[in-house]
Amino acid sequence: MDSHSILTFTLVAAIAIASPGPATLMAINNSLAHGQRSAIWSSLGNASGLFCLSSAAMLGLGALLASSEWLFNMVKFIGAGYLFYLGIRQLFKKGPMLPDGIQDDLKKSRPTRSKLYKSAFLTAVTNPKATMFFTALFPQFIDQSAALLPQFLILTSIFMALSVSSLSLYAALASRAKGVLTRPALSRWVSRVVGSTFIGFGAAILTMRRQAA
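Going by what an unreviewed UniProt entry lists, the protein chain is known as LysE family translocator and is assigned to Pseudomonas cucumis. In the Subcellular location (unreviewed entry) part of its UniProt record, the protein chain is described as follows: "Cell membrane".

Put into structure tokens, the structure is as follows:
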């Protein structure tokens with residue numbers, strides 16, 4: 001694998017990662033609701049999920065999803081269902097996102113690091129689109145005549161680093177705007193937008209069709 005291939009992969013991956021998706025929305029929501037630091041754990045959870053998907057693609061499980069209708073649909077329905085759950089929970093959320101005295105409230109109600117990590121991890125690994133992305137992307141940049149493990153580690157590390165950086169940036173930008181979110185009406189509107197967007201992502205996953213192997 002030469003430097004040109006690595007650079008090209010980095011650019012392609014950066015464009016794909018910068019495009020907002022469920023992980024981005026989750027990082028923004030966690031940053032607004034629980035503070036910017038909470039988004040770090042969801043970012044790490046997402047990166048870990050991406051590592052598992054990348055490993056699965058390298059082991060041929062991505063190709064299995066492409067060839068197995070029932071397995072693809074199972075992963076699709078699990079991923080969509082989880083996003084629907086997140087969306088409905090946001091839609092029925094009552095009260096302002098950031099009420100007065102938010103710092104004290106955050107200390108009492110902030111989810112544990114483990115919960116933030118697991119939620120983001122589950123969102124990542126149940127997204128068949130991400131699996132198919134790895135399956136389609138990796139073969140284009142891997143030299144089959146060279147050792148696969150070093151190439152896998154390089155490409156996956158780049159993808160994970162870009163993901164964490166992107167989600168952290170989104171979370172930081174969202175944190176800068178949290179001052180206006182102490183307004184109850186605006187906070188409820190944001191919660192509805194977040195919830196509707198999660199549901200929209202879930203619906204989009206349901207429309208996905210397996211590509212012929």
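Along the chain, the position of Ile88 falls in helix α5 (residues 69-91). For the pair Ile88 and Ser196, spaced 108 residues apart in sequence, the C-alpha to C-alpha distance is 7.9 Å.

Take the nonpolar core next. In terms of nonpolar packing, the biggest core is built from 13 residues, with Phe9, Phe134, Leu155 and Phe159 touching the most fellow members. When residues of this core are traced back to their parent elements, those giving at least two are α1 (3-18), α3 (38-58), α8 (128-137) and α9 (148-176). Core analysis: the second largest hydrophobic core is formed by 10 residues, Leu25, Leu83, Val194 and Ile205 among them.

With that settled, the discussion passes to the UniProt feature "transmembrane region" (unreviewed entry) in the protein chain. Those residues carrying the UniProt feature "transmembrane region" (unreviewed entry) are residues 6-28, 40-64, 70-88, 120-142, 148-173 and 185-208 in this numbering. Between the C-alpha atoms that bound residues 148-173 there is a distance of 38 Å. The span itself is 100% helix and 0% strand.

The next thing to look at is the packing of aromatic side chains. Evaluated as defined, the whole model comprises two aromatic pairs. Taken together, a centroid distance of 5.8 Å and an interplanar angle of 55° make the contact between Phe51 and Phe152 tilted. Remark: Phe152 occurs in helix α9 and Phe51 occurs in helix α3; sequence separation between them is 101 residues. Taking relative accessible area as the criterion, Phe51 reaches 34% and is therefore assigned partly exposed. Given a relative accessible area of 8%, Phe152 falls into the buried group. Seen in terms of ring centroids, Tyr117 and Phe121 are 6.4 Å apart; in terms of plane orientation they differ by 10°. Their pairing is stacked. Of this pair, Tyr117 and Phe121 both sit in helix α7 (residues 113-125), separated by four residues, roughly a single helical turn.

What follows deals with the packing of α3 against α9. Across the interface, α3 lies against α9 with an axial gap of 9 Å and an inter-helix angle of 155°. Looking at the two axes, α3 sits roughly antiparallel to α9. Here α3 runs over α9; the crossing is right-handed. Residue-level contacts link Ala39, Ser43, Asn46, Ala47, Leu50, Phe51, Ser54, Ser55 and Met58 of α3 to Leu148, Phe152, Thr156, Phe159, Met160, Ser163, Val164, Leu167, Ser168 and Ala171 of α9.

Take the environment of Ser119 next. Counting through the fold element by element, Ser119 comes out in helix α7. Owing to a relative accessible area of 17%, Ser119 belongs among the buried residues under this scheme. In this structure Ser119 touches Met26 and Tyr82, once residues within four positions along its chain are discounted.

Now for the confidence of the model for the protein chain. Of the residues in the protein chain, 73% have a pLDDT of 70 or more, and the chain-wide mean is 75. Mean pLDDT values over the elements of the protein chain span from 48, in helix α6 (residues 102-109), up to 88, in α7. Residue range residues 97-108 is modelled with pLDDT below 50. Its contacts to residues more than four positions away, or to other chains, number 22 contacts.

Let us look at a nonpolar patch on the surface. Side chains of Phe51, Leu149 and Leu153 sit close together on the surface and give an oily, nonpolar patch of about 280 Å² of accessible area. Here Leu149 lies in helix α9. For Leu149, a relative accessible area of 56% gives the class exposed.

What follows covers the side chain of Ser43. Relative to the elements of secondary structure, Ser43 occurs in helix α3. A polar contact is formed between the side chain of Ser43 and the backbone oxygen of Ala39, at a distance of 2.8 Å. Ignoring any residue separated from it by four or fewer positions in sequence, one finds Ser43 in contact with Val164, Leu167 and Ser168.

What counts, and where the lines are drawn
- Residues numbered from 1 in each chain as written.
- Predicted model: local features only at pLDDT ≥ 70, side-chain atom pairs only at ≥ 80, totals over all residues.
- Heavy atoms only, no water.
- UniProt positions renumbered as here; feature names shortened; annotations may be inferred.
- Helix = DSSP H or I, 4+ residues; strand = E, 2+ residues; numbered from the N terminus.
- Core = buried A, V, L, I, M, F, W, Y, C linked by side-chain atoms within 4.5 Å.
- Buried < 20%, exposed > 50% of the residue type's maximum accessible area, 1.4 Å probe, protein only.
- Phe/Tyr/Trp six-rings, centres within 6.5 Å; stacked < 30°, edge-to-face > 60°.
- Axes fitted to C-alpha atoms, helices over the stretch in contact; angles between N-to-C directions.
- Parallel < 35°, antiparallel > 145°, perpendicular 65-115°, else oblique.
- Left-handed = near helix turned anticlockwise from the far one by under 90°.
- Contact = heavy atoms within 4.5 Å.
- pLDDT = per-residue confidence, 0-100.
- Patch = residues over 30% accessible without salt bridge, like charges linked within 9 Å, V, L, I, M, F, W, Y side chains within 5 Å.
- Areas by Shrake-Rupley, 256 points an atom, 1.4 Å probe, with all protein chains shown as cover.
- Salt bridge = Lys/Arg side-chain N within 4 Å of Asp/Glu carboxyl O.
- Polar contact = N/O pair within 3.5 Å; in protein donor to acceptor, adjacent residues only side chain to side chain.

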